[in-house]
Amino acid sequence: MLVFIIYVLVVFCRVVLAPLTRQRSYGNVPQPHAILYYSQRTSNGGLLIAEAAGVSDTAQGYPDTPGIWTTEQVEAWKPIVDAVHAKGGVFFCQIWHVGRVSNTGFQPNGQAPISSSDKPLTPQIGIDVEFTPPRRLRTDEIPQIVNDFRLAARNAIEAGFDGVEILGANGYLLDQFMKNQVNDRTDEYGGSLENRCRFSLEVVEAVVNEIGADNVGIRLSPFANCMESGDSDPKALGLYMANSLNKYGILYCHMVEPRMKTVGEKCACPHSLVPIGKAFNGTFIVAGGFDREDGNNAVAEGRADLIAFGRWFFANPDLPKRFELNAPLNKYNGETFCISDPVIGYTDYPFLETTA
Ligand SMILES: Cc1cc2nc3c(=O)[nH]c(=O)nc-3n(C[C@H](O)[C@H](O)[C@H](O)COP(=O)(O)O)c2cc1C
């Protein structure tokens, strides 16, 4: 069924809502205002990827980000998912664990955040959180985290989502295992590329076994060094993951463009995702710094099947329509991306008809 849906997307609508943390899920519970926010951004047949949702109580690192590990959270997602479906959208839930991008204040019993390593993260520009040095996960603890992802995927399906996107990008826990700037382990989860990718692939396998490969995507950013998670050979990492993912037959791979060194900073870059996209057998989604023209070119040149837009979609709830008409876009205001207001900078961006 979902393969058919993606076929429809590829033929009719290539504009995807990128996963975007909004920090308006008070107490880690999705709120009713998200119903309007997501339904505003839904078009018939369009794919939306929800903001990252924590897989457990150790997964959180920012105020008011949603979770998907409790019954209350699952129930709270249901009307949001229903609203997207009512408008014909396809809705995937991004599931994450922040790893060391956290502090004791977000952790159960004030414990240290967990990671592949005990290397601390230095303060990051634009993130108003002080990080606590992490605790290196013991080898025997890793199956529990894999299981948390599996249960989160099950919960997402229970909430009504069409599938999940595993967050393996942007310097969070899975990236902290894949990248050798962070991972200094000497067990079977460290050292070689195969070992560093083992944890992510175990998560993929567990999630596929739980909800089926057609309902699973993954987001990766091999070239980025967000949260001090860089790799010495990102092309080899991307290719290794693409080839390994083929064995599980997952629906899509969503990759962040090499030009995005951090989440919002675009820079000149000689690297390309093309060889990695060619190696991957499923639908290939790319994100990072795209506008209408650039996205059209990427699709026309076969560099991607679908394009995920982040900041332009914050500010333009009707982005696919504006692209179709080549209409002007509302500008985004970075200062309201992550405030906690349930309306301002969230659901108050005007639609085309009401734009002055
Ligand atoms: C405020 C903000 C929140 C974001 N939250 C997430 C997130 O929850 N998960 C994720 O994978 N990426 C997240 N991103 C990254 C975006 O999905 C996207 O890759 C990035 O904004 C670059 O795309 P753009 O140039 O189209 O905005 C976030 C970006 C911003 C600016």
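Quick caveat: nothing in here was measured; it's all calculated off a predicted structure. (Residues numbered from 1 in each chain as written. Predicted model: local features only at pLDDT ≥ 70, side-chain atom pairs only at ≥ 80, totals over all residues. Heavy atoms only, no water.)

> Help me out: how do you make sense of the side chain of His97 in this one?
You can see His97 is positioned in the loop between strand 4 (90–96) and strand 5 (114–115). Since its relative accessible area comes to 1%, His97 is described here as buried. Among the polar contacts listed, one links the side chain of His97 to the backbone nitrogen of Gly99, at a separation of 2.9 Å. If near-sequence neighbours (up to four positions away) are discounted, His97 is found in contact with Val55, Ser56, Thr58, Ala59, Ile114, Ile145, Phe149, Tyr172 and Leu173. (Helix = DSSP H or I, 4+ residues; strand = E, 2+ residues; numbered from the N terminus. Buried < 20%, exposed > 50% of the residue type's maximum accessible area, 1.4 Å probe, protein only. Polar contact = N/O pair within 3.5 Å; in protein donor to acceptor, adjacent residues only side chain to side chain. Contact = heavy atoms within 4.5 Å.)

> How do you make sense of helix 9 (residues 292–300) when you look at a structure like this?
Side chains that are three or four residues apart share a direction in an α-helix, a result of its 3.6 residues per turn. Of all the residues in helix 9, the buried ones are Asp294, Gly295, Ala298 and Val299. Buried residues of helix 9, viewed axially, fall in a sector of 135°; they line one side. More than 90 degrees from the buried face of helix 9, the exposed residues found are Glu293 and Ala300. Contact partners of the buried residues in helix 9: strand 11 (306–309). Of the residues one or two after helix 9, Gly302 is the one with positive phi, at around 75°. (Arc of directions from axis to C-beta.)

> Help me understand the site of the ligand in this model?
In the vicinity of the ligand there are 18 residues, among which Thr21, Gln94, Arg219, Gly289 and Arg311 approach most closely. Contact between the ligand and Pro19: an oxygen atom at 2.8 Å from a main-chain N or O atom of the residue. At 2.8 Å from an oxygen atom of the ligand is found a main-chain nitrogen or oxygen belonging to Gly310. For the ligand, whose unbound accessible area comes to 610 Å², protein coverage reaches 91%. In this structure, the ligand is accommodated by the largest pocket. (Near = heavy atom within 4 Å. Areas by Shrake-Rupley, 256 points an atom, 1.4 Å probe, with all protein chains shown as cover. 1 Å grid on protein atoms, 1.4 Å probe; cavity = no way out; pocket = protein on both sides within 12 Å on 5 of 7 lines; lining within 4 Å. Sits in = over half its atoms within 2 Å of the grid points.)

> Sorry if this is basic, but what is going on with the environment of Asn316 here?
Locating Asn316 in the fold gives a position in the loop between helix 10 (311–315) and helix 11 (319–325). By relative accessible area, which is 0% here, Asn316 ends up buried. Distance in space between the C-alpha atoms of Asn316 and His85 is 20 Å, their sequence separation being 231 residues. Once residues within four sequence positions are removed from consideration, Asn316 is found in contact with Arg322, Leu329 and Asn330. Within the structure, Asn316 has its side chain in polar contact with the side chain of Arg322 (distance 3.3 Å). A distance of 2.7 Å separates a polar atom in the side chain of Asn316 from the backbone nitrogen of Asn330.

> Honestly, the layout of surface pockets in this entry has me stumped. Any pointers?
Gaps left between atoms show up when a probe the size of a water molecule is rolled over them. What the largest pocket holds in volume is close to 1,300 Å³. Here the residues of the lining of the largest pocket sort into 26 nonpolar, 13 polar and five charged. Forming the walls of the second largest pocket are 14 residues, and the residues nearest its centre are Arg14, Val15, Asn296, Pro320 and Phe323. Among the secondary structure elements, those contributing two or more residues to the lining of the second largest pocket are helix 9, strand 11 and helix 11. Partitioning the lining of the second largest pocket into residue classes produces eight nonpolar, two polar and four charged. (Points joined across faces, edges and corners; volume = space filled by probe spheres on them. Nonpolar A, V, L, I, M, F, W, Y, C, P; charged D, E, K, R; others polar.)

> What exactly am I supposed to notice about the UniProt feature "domain: NADH:flavin oxidoreductase/NADH oxidase N-terminal" (unreviewed entry) in the chain here?
UniProt's feature table lists "domain: NADH:flavin oxidoreductase/NADH oxidase N-terminal" (unreviewed entry) at residues 14–329, given in the numbering used throughout. With 34% helix and 14% strand, residues 14–329 has end C-alpha atoms that lie 18 Å from one another. (UniProt positions renumbered as here; feature names shortened; annotations may be inferred.)

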